[in-house]
Amino acid sequence: MSDRLSVFKTYKLYVGGKFPRSESGRVYEVTDAKGKWLAHAPLSSRKDARDAVVAARKAFGGWSGATAYNRGQILYRVAEMLEGRREQYVREVAEAEGLSKSKAAAVVDAAIDRWVWYAGWTDKIAQVVGGANPVAGPFFNLSTPEPTGVVAVVAPQDSSFLGLVSVIAPVIATGNTAVVVASEKAPLPALSLGEVLATSDLPGGVVNVLSGRTVELAAPLAAHQDVNAIDLTGADAALAKELEIAAADNMKRVLRPGRAGTDFAADPGTVRLTAFLETKTVWHPTGSLGASGSAY
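What counts and what doesn't
In this numbering scheme, every chain counts its residues from 1 along its sequence in written order. Residue-level local features of this predicted model are given only where pLDDT is at least 70; pairs of side-chain atoms are given and counted only at 80 or more, and the full residue set underlies all totals for whole chains, interfaces and linings. Hydrogens are left out, water is left out, and the side-chain values use all remaining heavy atoms of the structure. A helix here means a DSSP run of H or I that spans at least four residues, while a strand means a run of E at least two residues long, and both kinds are numbered starting from the N terminus. Type-normalised accessible area, obtained with a 1.4 Å probe on protein chains alone, sets the label of each residue: buried when under 20%, exposed when over 50%, and partly exposed for intermediate values. The term polar contact refers here to a pair of N or O atoms within 3.5 Å; inside protein, the definition further demands a hydrogen-donor-capable atom paired with an acceptor-capable atom, and it admits residues adjacent in sequence only when both atoms are side-chain atoms. DSSP-based pairing: two strands are paired if at least 2 bridges between them are found. For a helix, the expected span equals 1.5 Å multiplied by the number of residues minus one. Note on bend: at a given residue it equals the angle between the axes fitted to the 7 residues ending there and to the 7 starting there. Should any heavy atoms of two residues lie within 4.5 Å, those residues are counted as being in contact. Charge counting follows a simple rule: Lys and Arg are positive, Asp and Glu are negative, and His as well as the terminal groups are ignored. Any carboxyl oxygen of Asp or Glu within 4 Å of a side-chain nitrogen of Lys or Arg constitutes a salt bridge here. A fitted line through C-alpha atoms serves as each axis, taken over the contacting stretch for helices, and the angle formed by two N-to-C directions is quoted from 0 to 180°. Here the word oblique covers every angle except those under 35 degrees (roughly parallel), over 145 (roughly antiparallel) and from 65 to 115 (roughly perpendicular). Throughout, the ten residues Ala, Val, Leu, Ile, Met, Phe, Trp, Tyr, Cys and Pro are labelled nonpolar, Asp, Glu, Lys and Arg are labelled charged, and all others, Gly among them, are labelled polar. Stacked, tilted and edge-to-face are the three classes applied to pairs of Phe, Tyr and Trp rings, where Trp contributes its six-membered ring and a pair requires centres within 6.5 Å; stacked means planes under 30 degrees apart, edge-to-face means over 60, and tilted covers the rest.

Draft legend 1. Seen up close, the side chain of Ser166. For Ser166, the location among the structural elements is in helix α6 (residues 162–173). For Ser166, a relative accessible area of 2% corresponds to the buried category. At 2.7 Å, the side chain of Ser166 and the backbone oxygen of Leu162 are in polar contact.

Written as structure tokens, this is what we have:
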């Protein structure tokens, strides 16, 4: 018989590459699917949300300016580290979602595979949504995708890991930075993801993870003038409507939740990759054209 005491894990926010406690000093109880206590999670405040936006904006220039190939390498490194902590995530997902160990393992494996899938898209999405446009006149006309900027993400409430990965990975794969409001009732996998991101090659501030009351955090993010877009996947219909109205103040891009819900186990396609991209079109003269063709 061991007489040593259990060492309980202290969960913290992940903001700007660091692990602060909420500035409010508040926490709330997180329980499993049967109501058993699991941990205390930080109860983030509006100030925490504003700090996360500042960190995301600071990181945006470097992350969006990195090569697509480099972003893919970094995302793949995150997947490697998720694989190394697979058993931890199986346990957390099983407790959060009330799944058996085998079903939770399948969910975690799907989440890691999903992260790898998005990592592979970083240097390919431009070929799908960009290209040369046929125009009249002596011009090259090229359209290329550009990241929108800082994206607020309301993470799914019921899919604590697979859904979480499915909304974060496409945002950062395309060069955006993210402020993520974790599932209110099951935030622990999201907070643990912050630990993986901090020890990977992902620059601090590219992803910022907040836990707490979804309504308290999503509202100031939707109204924030330095947030460029918002993903409403984890908001219910009433909250989504309120957030969309607030987001209109500075014409944020808005990704609305599906009316019938989202099946995160299904093929995700490229919808989320293109949701937070802008198209930049450049005209360039080719020079005078003669009988022999281009002057070049």
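Let us keep going from here.
Draft legend 2. Molecular detail of the sheet that holds strand β3 (residues 131–132). The strand order β3-β4-β10 describes an open sheet built from 3 strands, whose pairing is antiparallel. Strand pairing shows two members of the sheet lacking a second neighbour, β3 and β10 (277–285), which therefore form its edges. Bridge count between strand β4 (residues 139–147) and β10: 9 bridges; the pairing is antiparallel. The residue bridging Phe140 from the neighbouring strand is His284, located in β10.

Draft legend 3. Spatial organisation of the pairing of β4. Two elements, β3 and β4, share 2 bridges in a ladder whose sense is antiparallel. Across the sheet, Gly131 pairs through a bridge with Ser143, a residue of β4.

Draft legend 4. Geometry of unusual backbone geometry. For Met251, which is not glycine, the phi dihedral falls at a positive 55°. Note that Met251 resides in the loop between α9 (237–247) and β9 (253–255).

Draft legend 5. Geometry of helix α1 (residues 46–65). Counted at 1.5 Å a residue, the expected span for α1 with its 20 residues is 28 Å, and the 29 Å between its end C-alpha atoms agrees. Of all the bends found along α1, the most pronounced is centred on Ala59 and spans about 40°. Where α1 is concerned, the buried positions are Asp48, Ala49, Ala52, Val53, Ala55, Ala56, Ala59, Phe60 and Trp63. Where α1 begins, the capping side chain belongs to Ser45, and its oxygen is found 3.3 Å from the backbone nitrogen of Lys47.

Draft legend 6. Quick look at the environment of Ser159. Structurally, the position occupied by Ser159 is in the loop between β5 (150–154) and α6. Sequence-distant contacts of Ser159, defined by excluding residues within four places in its chain, comprise Glu97, Leu164 and Phe264.

Draft legend 7. Spatial organisation of the side chain of Arg71. Tracing the backbone shows Arg71 in helix α2 (residues 68–84). In this structure, Arg71 is buried with no salt-bridge partner, the nearest side chain bearing the opposite charge being Glu146 at 8.3 Å.

Draft legend 8. Layout of the packing of helix α4 (residues 101–119) against α6. Where α4 meets α6, the axes come as close as 9 Å, and the angle between the chain directions of the two elements is 10°. If you check the angle between α4 and α6, you find them roughly parallel. The segment α4 lies against α6, with Val107, Ala110, Ala111, Arg114, Trp115 and Tyr118 engaging Leu162, Val165, Ser166, Ile168, Ala169, Pro170, Ile172 and Ala173. Its residues assigned to classes, the contact of α4 with α6 comprises 12 nonpolar, 1 polar and 1 charged.

Draft legend 9. The arrangement of the packing of aromatic side chains in detail. Scanning the model with the defined rule gives 6 aromatic pairs in all. Pairing Trp117 with Tyr118 gives two aromatic rings, centres 5.1 Å apart and planes at 75°, and the pair type is edge-to-face. A residue is classified by how much of its surface remains accessible, and Trp117, at 32% relative accessible area, is partly exposed. Owing to a relative accessible area of 0%, Tyr118 belongs among the buried residues under this scheme. Residues Phe139 and Trp283 carry aromatic rings whose centres are separated by 5.7 Å and whose planes lie at 80° to one another, so their mutual orientation is edge-to-face. Linking Phe139 in strand β4 with Trp283 in strand β10, this pair joins segments that are 144 residues apart in sequence.

Draft legend 10. Main features of the pairing of β5. When you tally the buried positions in β5, you get 5 out of 5 residues, the bulk of the element. Here β5 shows a buried face lined by Val150, Ala152 and Val154 and a second buried face lined by Val151 and Val153. With 5 bridges joining them, β5 and strand β6 (residues 177–181) adopt parallel strand pairing. Its bridge partner lying in β6, Val151 is registered against Ala178. Sheet topology places β5 next to strand β8 (residues 229–231); 3 bridges connect them, and they run parallel. In the sheet register, Ala152 faces β8, and the bridge partner there is Ile230.

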